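Below are the chains, spelled out letter by letter.
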Amino acid sequence: MPGAIRDGERVMITASNALWSDCTMPQTEQPSLDSPRRKVAVVLVHGLFSSTDVWDEMGTLASEDPSLKDATVYRFSYSSKVLTRGLTTVTPTLDDVADSLRTYLRYSVVEPEVVLATHSQGGLVALRMVAEHLVRQQGWGGPTVRLLLLYACPHFGSSFGLRIRRVFFSKHAQAKSLAPLDGPTLQSIRSVVRYMQTPTAPLADLKVIAVAGATDGIVTPDSAKAFWSVVETVPGDHSSIVRPSSAGDESFLILRRQVAEVLIAPVTNLTLNEHVTADSLWQELVDEVASRLHFASWDAAYGGLVRTTHVLPSSVLADLHGFSAWLLGRIFPVGHPEIRRSLESMGRVVVDLLNTFNDNHTEVADPESENPYIRVAPWYKTGGFNPNYGDDLADFLAHVNLLANLTFEMTRIANWFSDLVRAEIDPHFHVREGVLLLEVGPVAHGGTEIERPIFEPGEVGPDELPYSDIETFRATSRFRTASEGEPAAAVQGDERGTTTDRGNTTDEVEHLLLDRQMRALGQELQVYRDWGQQGTRDTMLAALRLGIESGLVSPEGFRSPVWETSVHLRFVLDGDGNAVIRIEEDGGVALSDFAWEAGVATIDAFSALEEAMRGLGVHLGTGLFLPTKNVQESAEALEHAARYRSQTLNSGSEYLTHLIELVEGWYITQRGVVSREHPYYFISRERVHELDWEQHVSDKGWEGIHAAMRVSRALFAEGQHPRRADNT
């Protein structure tokens, strides 16, 4: 495009200031154009899967505008591709890009002051750079950042294409930062806000303006505006918001005015009005607290965390993040140390509540609604079989119970704060609304109960915070369990995941029943795992006894093919209940028996098997016969079959009985042959001698059928196959 700024090129915007009066944005008192001018750099930062080309129109208009005489425009470029080509190339993380931006400002920008204009993810890059290197590393040696102009910045993430991103870009180094309510992003915002509102901090003169697109369906206006005090909404979608078609487009006029104001406005520090009294400042502050924390609608805002819904409105969650950042930056007026102490406690419990809620277990419910809820996802419900159900359920119950407790504690502190305000500043503070309540339930009788969480006399000491940190809170008497009326069941007892003996609600009873069922299955599966992991005589006996008694294993035991030979190891429980390992041919003809006596070490037993294999001439050599592999494969095959058939609705589960062997993905049973991966596909023993099975199954793309049919035909040959349970 003619006049566009090329990557790495600096363009001095030179023209007269005659068009300043033509600006069509709402007019405010303009700084004098005769004031001393600065030299300012305008650095443009693009977004995800984009490039510096996105700034072509904006750059051209800026280069032709006569009102910005002493600004130099730069375009910062970084790698943000959908796919990275090359074995030695990776996609940089947002932290890496933020580091790169810092280096760029230090060594490529010559002006002493900077305006960062960003698009989409570029705003997250700028915020991280400012938070990490201007806040935490003062004296970094670069120019002073005066303005962040954030176009369509996804402060709270983007739900657009969320499912697709989770499938195709879950490991993309940058895309994962666009997840709703990304923790590092929110932390960087809090850090920037805190230092902006501290007069002595290095960001005291920083200005942030958030610009949202009215029709942006990728980054919604709420996410783009976040909780910045200066926000603008302009026509346009996610792309056109930074691609103005003319100098009259509002997206360009915002850039034009803000850069011009930075050029001619003096640096100012935050000061207090000398005529404002401390108590009037306190009155404004406590009213702001009540507004930000939704005192007027407390239960509607936070009650979902103490009921079985486990939800927060997304707007409330955003406001909590905003309150946390706002409170960190407060400079309290003089006086009222108790109110300050209550607010410090409030800030700490809010941070712990946010960190707990955002602990990788949240999902958007009804994302199409005007104010969607964010709920704690029941991660123990996987939609299918979950072998870790017991542990996952216990973790879930502990998680939601902690959220409920933190919500109760936040309510206690808010009521304490309100009492202090009424006693010291405003006796009418929220008198009409009343104290803060929570509706809890369902409880034992199936309904709900109204609770008034407050501190009892003596609970708040004179010299310590009632809430200091989450670990100390867990140890206090205020941390309640389900038996004390909490809406979520608590984890109790010495055994992990053991819950209360009786549930107060149908949800709790359901959890208990499922927990017991899953524990019973888990104990069965653990028997097979122990055999595969330990390989001892005792674990082999336990696995065979359980398998035969449950009907999973053939009464003649279970066998495993020896790699690259025509022999098998059969693990047998003999008539006296002793362990026997037999070497046999495909058809079941025994070649050698090893009676594993009690007290014989596993290494000695397996060494005896090696000698037997050598004596039979079927030992393939060093490292090529390892009985441990046969044990591990047998145990895994039995564990898999036991897990699958634990639910009779699983297609083909009825075929997984009296198992003899697993051969290249096919179970051979006393009834026939069944696919491990497709258990509904069953070949009865009466039909295994038909010659077209190999071709028929191979046409489906399934492997292993040739070996399975060879072994099963030999095994089911007249007079050689194992007896069935009915001795026929």
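For the structure, see preceding data.
Just so it is clear, the structure is predicted and the values come from calculations on it, not from any experiment.

Conventions used here
- Residues numbered from 1 in each chain as written.
- Predicted model: local features only at pLDDT ≥ 70, side-chain atom pairs only at ≥ 80, totals over all residues.
- Heavy atoms only, no water.
- Helix = DSSP H or I, 4+ residues; strand = E, 2+ residues; numbered from the N terminus.
- Buried < 20%, exposed > 50% of the residue type's maximum accessible area, 1.4 Å probe, protein only.
- Phe/Tyr/Trp six-rings, centres within 6.5 Å; stacked < 30°, edge-to-face > 60°.
- Lys NZ or Arg CZ within 6 Å of the ring centre and 35° of its normal.
- Salt bridge = Lys/Arg side-chain N within 4 Å of Asp/Glu carboxyl O.

A. Structural detail: unusual backbone geometry. We note that H336 has phi near 55°; this positive angle belongs to a residue other than glycine. You can see H336 is positioned in the loop between helix 10 (314-328) and helix 11 (337-357). With a phi close to 50°, H430 is a non-glycine residue in the positive phi region. In this fold, H430 is placed in the loop between helix 12 (389-424) and strand 11 (438-440). On the basis of relative accessible area, H430 is assigned to the buried category, the value being 16%.

B. Highlighting the packing of aromatic side chains. Per the counting criterion, the structure on display carries 19 aromatic pairs. An angle of 90° between the planes, with centres 6.4 Å apart, marks the rings of Y74 and Y104 as edge-to-face. Here Y104 lies in helix 2 (residues 94-108) and Y74 lies in strand 3 (residues 71-76), a separation of 30 residues in the sequence. In terms of burial, Y74 and Y104 fall into one category: buried. Centroid distance F323 to W326: 5.9 Å. Interplanar angle 35°. Geometry classified as tilted. Residue F323 and its partner W326 are both found in helix 10; the two are separated by three residues, about one turn of the helix. Clustering of aromatic rings is evident, with ring pairs tying together F295, W298, Y302, F417 and F429. Above the plane of the ring of F682 lies R671, whose end atom (NZ or CZ) is 5.6 Å from the centre. Cation over ring: K700 sits above W702, and NZ or CZ is 5.4 Å from the ring centre.

C. Highlighting the pattern of salt bridges. Using the criterion set out here, one finds 29 salt bridges in the structure. For E261, the salt bridge is made with K207, and the minimal N-O distance between the two is 3.9 Å. Taken as a pair, E261 in helix 7 (residues 250-264) and K207 in strand 6 (residues 207-213) lie far apart in primary sequence, 54 residues in all. Under the relative-accessibility criterion, E261 is labelled buried at 18%. A salt bridge links E409 to R478; its shortest N-O distance comes to 2.7 Å.

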